[in-house]
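Residue-level listing of the chains:
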Amino acid sequence: MRSLLLTFLMGIGGTMLLPSTVAAVSCQNYRCMSCYQLWYKRNAIFARKGYCFRTRRAIRTFGPRCYPPYGRLNRWERNQVNEILYWERVKGCR
């Protein structure tokens, strides 16, 4: 088991990955994200599409967006938002 972990930590080409890097790499899915990370990820999708944020928190974080296409999402983006919303519900995020 120890050799398997060392092999994983050595990464591609024998480059040693630091523990913080391993944690970041292992948390690429929504399941292990915090409520704030989920909120940020979901709203970043809307921000890239010019969504007109109304909450102080979102405006402070993403700035005064509000440009075409005004938050209109494509199918892939809608699926991502729906999955994030699912994980926010599972984790009891507000």
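Predicted, not measured: the structure shown is a model, and the values here were computed from it.

A.B. asks: Describe the pattern of salt bridges, and please don't skip the residues or the numbers.
C.D. replies: Under the counting rule described, the total for this entry stands at two salt bridges. R42 is paired through a salt bridge with E88; the nearest N and O atoms lie 2.8 Å apart. Placement of the pair is R42 in helix α3 (residues 35-48) and E88 in helix α5 (residues 75-91), with a sequence separation of 46 residues. Take R42: its relative accessible area is 15%, and that puts it in the buried class. In this structure E88 comes out as buried when scored by relative accessible area, which is 7%. Measuring nitrogen to oxygen at the nearest pair gives 3.5 Å for the salt bridge that ties E77 to K49. One end of the pair, E77, is in helix α5; the other, K49, is in the loop between α3 and α4 (56-62), and 28 residues separate them in sequence.

Cut-off values and rules
- Residues numbered from 1 in each chain as written.
- Predicted model: local features only at pLDDT ≥ 70, side-chain atom pairs only at ≥ 80, totals over all residues.
- Heavy atoms only, no water.
- Salt bridge = Lys/Arg side-chain N within 4 Å of Asp/Glu carboxyl O.
- Helix = DSSP H or I, 4+ residues; strand = E, 2+ residues; numbered from the N terminus.
- Buried < 20%, exposed > 50% of the residue type's maximum accessible area, 1.4 Å probe, protein only.

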